[in-house]
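For reference, the chains in residue letters:
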Amino acid sequence: MTRGSCLCGNVTFEFDRSAGPFELCQCSRCRKASGSAFAAGLWVPRADFRLLSGREWVARFEAPVRESPPGYQTSFCR
């Protein structure tokens with residue numbers, strides 16, 4: 001069991017297992033969204049993920065498709 005939260009603590013979650021691998025994306029959109037040289041990500045099966053609190057604090061940004069699919073989307077704590 002892994003538990004986590006956003007930086008302010010309003011959004012909490014847990015998951016049983018990850019579907020790995022742990023990835024570092026260095027595309028221009030991930031760099032801009034993270035404010036870093038890369039964005040870190042780990043895939044978790046939906047059935048193994050539970051949002052414990054703060055659903056109302058979660059926002060989603062969807063950028064338009066640039067040249068070809070897929071588009072870009074990210075979720076974050078308001």
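Residues numbered from 1 in each chain as written. Predicted model: local features only at pLDDT ≥ 70, side-chain atom pairs only at ≥ 80, totals over all residues. Heavy atoms only, no water.

(A) Here's a closer look at the overall build of the chain. Assigned secondary structure in the chain consists of 1 helix and 7 strands. Along its sequence from the N terminus, the chain presents helices and strands in the succession β-β-β-α-β-β-β-β. When the backbone C-alpha atoms are referred to their principal axes, the chain occupies close to 40 × 25 × 20 Å. Each of the 78 residues in the chain was classed as buried or not, and the buried ones make up 15%. Residue pairs in contact within the chain that sit at least 24 positions apart in sequence constitute 45% of those at least 6 positions apart. A total of about 6,100 Å² of accessible surface is found on the chain, and carbon and sulfur atoms cover 54% of it. Seen as two clouds, the 11 positive and the 7 negative side-chain charges of the chain have centres 5 Å apart. (Helix = DSSP H or I, 4+ residues; strand = E, 2+ residues; numbered from the N terminus. Buried < 20%, exposed > 50% of the residue type's maximum accessible area, 1.4 Å probe, protein only. Contact = heavy atoms within 4.5 Å. Areas by Shrake-Rupley, 256 points an atom, 1.4 Å probe, with all protein chains shown as cover. Lys, Arg positive; Asp, Glu negative; His and termini not counted. Charge placed at Lys NZ, Arg CZ, Asp CG, Glu CD.)

(B) The arrangement of the pattern of salt bridges in detail. All chains considered together, the criterion is met by 4 salt bridges. Among the salt bridges present, the one from Arg3 reaches Glu14, with a minimum N-O distance of 2.8 Å. Note that Arg3 is positioned in strand β1 (residues 2-5) and Glu14 in strand β2 (residues 12-15), a separation of 11 residues in sequence. The exposed category is assigned to Arg3, whose relative accessible area is 63%. Notably, a salt bridge pairs Asp48 with Arg17, separated by 2.8 Å at the nearest N-O pair. Pair noted here: Asp48 is in the loop between β4 (39-41) and β5 (49-53) and Arg17 is in the loop between β2 and β3 (23-25), with a separation of 31 residues, a long-range link. Judged by its relative accessible area of 12%, Asp48 falls in the buried class. (Salt bridge = Lys/Arg side-chain N within 4 Å of Asp/Glu carboxyl O.)

(C) View of the pairing of β1. The pairing of β1 with β2 spans 4 bridges and is classified as antiparallel. Of the residues in β2, the one forming a bridge with Ser5 is Thr12. Adjacent in sequence and paired antiparallel, β1 and β2 are bridged by 6 residues, among which Gly9 carries a positive phi angle near 90°. (Pairing = 2+ DSSP bridges.)

(D) Structural view of the packing of aromatic side chains. Tallying each qualifying case throughout the model produces 1 aromatic pair. Between Phe13 and Phe49, the ring centres sit 5.8 Å apart and the planes meet at 25°, which makes this aromatic pair stacked. Of the two residues, Phe13 sits in strand β2 while Phe49 sits in strand β5, which places them 36 residues apart along the sequence. The exposure class assigned to Phe13 is partly exposed, which follows from its relative accessible area of 23%. (Phe/Tyr/Trp six-rings, centres within 6.5 Å; stacked < 30°, edge-to-face > 60°.)

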